[in-house]
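# Fold and contact review
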Amino acid sequence: MFQPKKKRPRIRKTMSGLIALTLLSSLILPNVAGAEPVEPSQVQFANVSVQAGETVHVPVVLKKSYFGVKAYNMQIDYDTSALEIVRITPKSINAITTSPNEEGVADFQYEIRNAEGWVRIIWVDFSGGNNPIVDEQQMFDIEIKAKNNATPGTKQLSVDQTDSEHWHFTNVEHESYTQLSGGAITITAANSGGGNSGSTPNPGSSSGGSVSPVVTPVPSTPAATKGVDIYVNGQKQEQSATATTATVNNQVTTTIHVDNDKVINQIGSGLRTLLLPMTGTGKGAVVGELNGKLVKTMQGSSAEVVIQTDSGTYTLPANQIQIDQVMNKFGSAVPMEDVTIQIAIVPSAASKQTAIQSAADKMQNTTVVAAPVDFEVKAIWNGQQVNVDRFNAYVERSITLPEGVGGSKITTGVVLQPDGSLLHVPTKVIKGNGQDSAIINSLTNSTYALIYHPATFSDVTNHWSRDDVQDLASRLIVQGTGDDVFAPDQSITRAEFTAVLLRGLGLHSPNNTETASFTDVKTGAWYEDEVQTAVSYGLISGYADDSFRPNSEISRAEALTIVSRAMKLVGLAQADASETTSLISSYSDSAKVQAWAAESVASAIKQDLVEGADGKLMTEADISRAQSAAIVKRLLQKAGLI
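Right, let's get into the overall build of the chain. A count of helical and extended segments in the chain gives 12 helices and 31 strands. The proportion of buried residues among the 642 residues of the chain is 50%. Counting contacts in the chain only where the partners sit at least 6 residues apart, residues at least 24 apart contribute 76% of the total. Summed over all atoms, the accessible surface of the chain reaches about 28200 Å², with 47% contributed by carbon and sulfur.

Written as structure tokens, this is what we have:
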């Protein structure tokens, strides 16, 4: 086969120059006569969705080619009333690119004509066919913007495949007949609502909301890529990932791309932890990327993925991604290896920082200690994404405290709500070598910040419950009954106890769309949302007459029944039938414990949540505000949440 000279020919940067490069490819790399393809090659444009005014990436992939492609040219046509091309990025190995505005000659060239509605892309393997594009390799990426005034609907990227200047592929061994599929661009109306803060996931599914379009901001700096080391079960795996850093919307973002197959081959069935460390990024965002196939493998090993950054750490058990549910939303025929899972730690936008500071300013004696951080999990396929924002077990993440700020200077982590309020999430502080960290556990993803909110009450100064009450008040879990007053010995209602328990657990919205139909829970009542949330998590069920009796005092037995259900949620073992009798019988009033409450009371005793008084359980007595605070605090401590 004739080999080209090492010095590449110079071609004018005009459209005729691009066409000349196409013709040159057949001279440099002549075809072998008589070698016919068994089947046509297959090229696929991704089908994507995009909001008007936003951009989206369209991967172009060689799905099938029996001998590999050594050269191609194509002209892609599009509707100029709705779309414009932002850029073309080659993805072939070692590709050198130029546009018509750049100097020199490269193996990948393109020209965009937005006014006329076409883009021409040409690639030639100047190595003499030694570096062909092969099956499942992405050829290039088209970045497309839907115009601000684009009408919602579907537009099609098209190619005139009957014109060889518009569509021509040359394989290593033969002229290739190549088929094209995909290229549908679904345009949706622009989001005029200002976006979602991310603090309240869509109810109804533990794996998040429905499929939505991927919106990809345009980087303002060129991406820089380097190899990075990751750790499997604590062992360094050199060059098993690459890190790409670019500035997007004034935010430096580093994306760690895991070599999925390499990690799977290395771990077998013994994976416990996949650690992706990325330090030295300061306040930049860090995104870990792995595919659905690796997540499924990790799920089978009960493994977890850990993203470690300067601003915090995200520890996510693979089974909480619930990859099977995610795949069902994309469609059962989608290969798992084609789905990208992104796990991100992102400094919150300025608008969220302002909202959190504004909320703190409205609260007494409250200081924002650490800037808010967003923790996100997304599944992406073919221009579509699913937000994985609900979990069926508590998931741990940490925020690094600012330098010079010790753990004694925070009282809790908080989550930003859509109405601008701040609510407690279970938080504890751990010591570090140089900086302390706040560990936050939650059943959702959200925007989190750390606050200092010391609270005292004059009527608990000498009360047995002082430490419990003031600790929970500083965490925004309990509130006083008036200025500087807590009323520790006052009884608490069923609605009030439910609200305190939910705040302690960090449950601020329903887990699903199921609604309670209690006859005495009126629309607009202050406890309406709390009741709905408690029902959705299986914490309350009401009475046989379909009432909840929200304003009735709650007995110790009733309170412990609700708490025992919460024990399941936080992973605390309950008393089994064989333990129940022995645990209760040591109290002098054990005969007064009703059968329906016996197992719950025994479970609370087993976990040291209750101690009784003077050898009695007093399950029929009303529980006080102080006792409620003490039990909720013990529950959270026993579960390791605070």
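This part covers the environment of Asp545. Checked against the element boundaries, Asp545 lands in the loop between helix H8 (528–536) and helix H9 (556–570). With a relative accessible area of 45%, Asp545 lands in the partly exposed category. In this structure, the C-alpha to C-alpha distance between Asp545 and Thr519, residues 26 residues apart in sequence, is 8.5 Å. A polar atom in the side chain of Asp545 sits 2.5 Å from the side chain of Ser547.

Spatially, the 5 strands line up as an open sheet ordered E5-E9-E3-E1-E13, and their pairing is mixed. Edge positions in the sheet fall to strand E5 (83–90) and strand E13 (178–182), since each has one partner strand and no second. Put simply, the sheet's adjacent strands are angled 20° from each other on average, direction ignored. In this structure, E5 lies alongside strand E9 (residues 137–146), joined through 7 bridges in antiparallel fashion. Residue pairing in the sheet places Arg87 in a bridge with Glu143 of E9.

Our next topic: a negative patch on the surface. A cluster of acidic residues, Asp259, Asp261, Glu337 and Asp338, forms a negative patch at the surface. You can see Glu337 is positioned in the loop between helix H4 (323–330) and strand E23 (340–347).

Under the definition given, this model contains 11 aromatic pairs. An angle of 20° between the planes, with centres 5.4 Å apart, marks the rings of Tyr72 and Phe169 as stacked. Of this pair, Tyr72 sits in strand E4 (residues 69–77) while Phe169 sits in strand E11 (residues 167–171), placing them 97 residues apart in sequence. The exposure classification of Tyr72 matches that of Phe169, with both residues buried. The aromatic ring of Phe548 is capped on one face by Arg494, whose charged end is 4.6 Å from the ring centroid. The ring centre of Tyr543 lies 3.6 Å from the NZ or CZ of Arg549, which sits over that ring.

This part takes up H9. With 15 residues, H9 should reach 21 Å at 1.5 Å per residue; the first-to-last C-alpha distance of 21 Å fits that figure. Within H9, 13 of the 15 residues are buried, which leaves it mostly tucked inside the rest of the structure. Positioned one or two residues after H9, Gly571 has a phi angle of 85°, which is positive.

Here the second largest pocket is characterised by a volume of approximately 890 Å³. As for the second largest pocket, its lining consists of 33 residues, of which Leu423, Leu476, Val478, Gln479 and Arg503 are closest to the centre. Of all elements in the fold, only strand E28 (422–425), helix H7 (494–505) and H8 reach the threshold of two or more residues within the lining of the second largest pocket. Counting residues per element, the lining of the second largest pocket draws most heavily on H8, which supplies 4 residues. Grouping the amino acids of the lining of the second largest pocket by side-chain chemistry returns 13 nonpolar, 14 polar and 6 charged.

Summarising the sheet, strand E16 (residues 224–232) and strand E19 (residues 273–278) pair through 2 bridges and their orientation is antiparallel. Bridged to Val232 within E19 is Leu274. With 6 bridges connecting them, E19 and strand E21 (residues 304–309) associate as parallel partners. What sits directly across from Pro277, in E21, is Gln308.

Turning our eyes to something else, we now look at the environment of Ser600. Mapped onto the elements, Ser600 comes out in helix H11 (residues 595–606). Accessibility expressed as a relative area gives 9% for Ser600, which makes it buried. Measuring from C-alpha to C-alpha, the distance between Ser600 and Ala559 comes to 9.4 Å, with 41 residues separating the pair along the chain.

Further remarks concern the packing of H7 against H8. Direction vectors running N to C along H7 and H8 enclose 65°, while the axes themselves pass 10 Å from each other. Relative to H8, H7 is oriented so that their crossing is left-handed. Residues Thr498, Ala499 and Leu502 of H7 form the contact with H8, whose own contacting residues are Glu530, Thr533 and Ala534. Of the residues contributing to the contact of H7 with H8, the split by class is 3 nonpolar, 2 polar and 1 charged.

Within the largest apolar cluster, 63 residues are counted, with the highest numbers of intra-cluster contacts made by Leu505, Leu507, Leu539 and Leu635. It is H9 that contributes the most residues to this core, 9 residues altogether. Non-local contacts of Leu507, meaning those with residues more than four positions away in its chain, are made with Tyr394, Leu443, Leu502, Thr533, Tyr537, Leu539 and Leu569. In terms of nonpolar packing, the next biggest core, distinct from the first, is built from 53 residues, Val258, Val286, Val369 and Val388 among them.

Of note, the phi angle at Asn365 is positive, near 55°, even though the residue is not glycine. Mapped onto the fold, Asn365 is located in the loop between helix H5 (350–361) and strand E24 (367–381). Note on Asn365: relative accessible area 52%, which makes it exposed. A positive phi is found at Arg549, a non-glycine position, where the angle reads about 55°. The topology assignment puts Arg549 in the loop between H8 and H9.

Here we come to the sheet that holds strand E10 (residues 153–156). Spatially, E2-E14-E10 is the arrangement adopted by the 3 strands of the open sheet, whose pairing is mixed. Edge strands, defined here as strands with exactly one partner in the open sheet, are strand E2 (48–51) and E10. Here the average twist between neighbouring strands, direction ignored, is 30°. Taken together, the 4 bridges between E2 and strand E14 (residues 184–188) define a ladder with parallel strand orientation. Counterpart to Val50 in the pairing with E14 is Ile187.

Mapped onto the fold, Ser555 is located in the loop between H8 and H9. Owing to a relative accessible area of 12%, Ser555 belongs among the buried residues under this scheme. In contact with Ser555, other than residues within four places in its own chain, are Thr619, Glu620, Ala621, Asp622 and Ile623.

Time to look at the pairing of E16. Within a regular beta strand, the side chains point alternately toward one face of the sheet and then the other, so they alternate between its two faces. Bridge analysis of E16 against strand E17 (residues 235–248) gives 8 bridges, and the strand direction is antiparallel. Counterpart to Ile230 in the pairing with E17 is Gln237. Taken together, E16 and the strand that follows it, E17, pair antiparallel across an intervening segment of 2 residues, in which Asn233 is found at a positive phi of about 55°.

Parameters at a glance
Residues numbered from 1 in each chain as written. Predicted model: local features only at pLDDT ≥ 70, side-chain atom pairs only at ≥ 80, totals over all residues. Heavy atoms only, no water. Helix = DSSP H or I, 4+ residues; strand = E, 2+ residues; numbered from the N terminus. Buried < 20%, exposed > 50% of the residue type's maximum accessible area, 1.4 Å probe, protein only. Contact = heavy atoms within 4.5 Å. Areas by Shrake-Rupley, 256 points an atom, 1.4 Å probe, with all protein chains shown as cover. Polar contact = N/O pair within 3.5 Å; in protein donor to acceptor, adjacent residues only side chain to side chain. Pairing = 2+ DSSP bridges. Axes fitted to C-alpha atoms, helices over the stretch in contact; angles between N-to-C directions. Patch = residues over 30% accessible without salt bridge, like charges linked within 9 Å, V, L, I, M, F, W, Y side chains within 5 Å. Salt bridge = Lys/Arg side-chain N within 4 Å of Asp/Glu carboxyl O. Lys, Arg positive; Asp, Glu negative; His and termini not counted. Charge placed at Lys NZ, Arg CZ, Asp CG, Glu CD. Phe/Tyr/Trp six-rings, centres within 6.5 Å; stacked < 30°, edge-to-face > 60°. Lys NZ or Arg CZ within 6 Å of the ring centre and 35° of its normal. Expected span 1.5 Å × (residues − 1). 1 Å grid on protein atoms, 1.4 Å probe; cavity = no way out; pocket = protein on both sides within 12 Å on 5 of 7 lines; lining within 4 Å. Points joined across faces, edges and corners; volume = space filled by probe spheres on them. Nonpolar A, V, L, I, M, F, W, Y, C, P; charged D, E, K, R; others polar. Left-handed = near helix turned anticlockwise from the far one by under 90°. Core = buried A, V, L, I, M, F, W, Y, C linked by side-chain atoms within 4.5 Å.

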